[in-house]
Amino acid sequence: MSRDTISVPRVYFGNNPKLHEKTLVYVNGIPVRRTGRRIHLLHETWSIETAQMVAGALAELVEAARAEPDPEVLAALSETIDNALGGDPAIDIELLARDVLAAFNVEKRRQP
């Protein structure tokens, strides 16, 4: 998969799993309608190109939001690191804690 591709799970609505056959679905109460080559969402009508760009942007933002560490864990780890390093003001403790958590999450995903 190229770096320019974001993979998202296919969604299913109701008894008919073929979303492409539907012209109206509700996503958590939000109506999404397809009329020909136009998509109607959030009181806006978009071309399919714009809708695809919005979908890509949403997928990328969701991916980034999922990567954000739990604020309580980040604060606790930052405090632990700060105490261990003796409160050195030259070190960005939160950035270091974020790096540690990111490395931990990557390693955790590699385990079976």
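Up top is the structure these notes are about.
These numbers come from a predicted model, not from an experiment.

A word on the overall build of the chain. If you tally the helices and strands in the chain, you get three helices and four strands. In the chain, the succession of helices and strands from N to C terminus is β-β-β-β-α-α-α. Here the analysis covers contacts within the chain between residues at least 6 apart in sequence; of these, 17% occur between residues at least 24 apart. By element, 56% of the accessible surface of the chain is carried by carbon and sulfur atoms, the whole surface being about 9,400 Å².

This part covers the side chain of Ser47. With respect to the helices and strands, the residue Ser47 is situated in strand E4 (residues 44-47). Engagement of the side chain of Ser47 in a polar contact is seen with the backbone nitrogen of Thr50, the distance being 3.2 Å. Those residues in contact with Ser47 that sit more than four places away from it in its chain are Arg37 and Arg38.

Attention now goes to the nonpolar core. Leu74, Ile81, Ile93, Ala97 and Leu101 form the largest nonpolar core, which has five residues in total. For this core, the elements supplying multiple residues, two or more each, are helix H2 (71-84) and helix H3 (93-110). Top contributing element to this core by residue count: H3, with three residues. Once residues within four sequence positions are removed from consideration, Leu101 is found in contact with Pro69, Val73, Leu74 and Leu77.

Reading the values: rules and limits
- Residues numbered from 1 in each chain as written.
- Predicted model: local features only at pLDDT ≥ 70, side-chain atom pairs only at ≥ 80, totals over all residues.
- Heavy atoms only, no water.
- Helix = DSSP H or I, 4+ residues; strand = E, 2+ residues; numbered from the N terminus.
- Contact = heavy atoms within 4.5 Å.
- Areas by Shrake-Rupley, 256 points an atom, 1.4 Å probe, with all protein chains shown as cover.
- Polar contact = N/O pair within 3.5 Å; in protein donor to acceptor, adjacent residues only side chain to side chain.
- Core = buried A, V, L, I, M, F, W, Y, C linked by side-chain atoms within 4.5 Å.
- Buried < 20%, exposed > 50% of the residue type's maximum accessible area, 1.4 Å probe, protein only.

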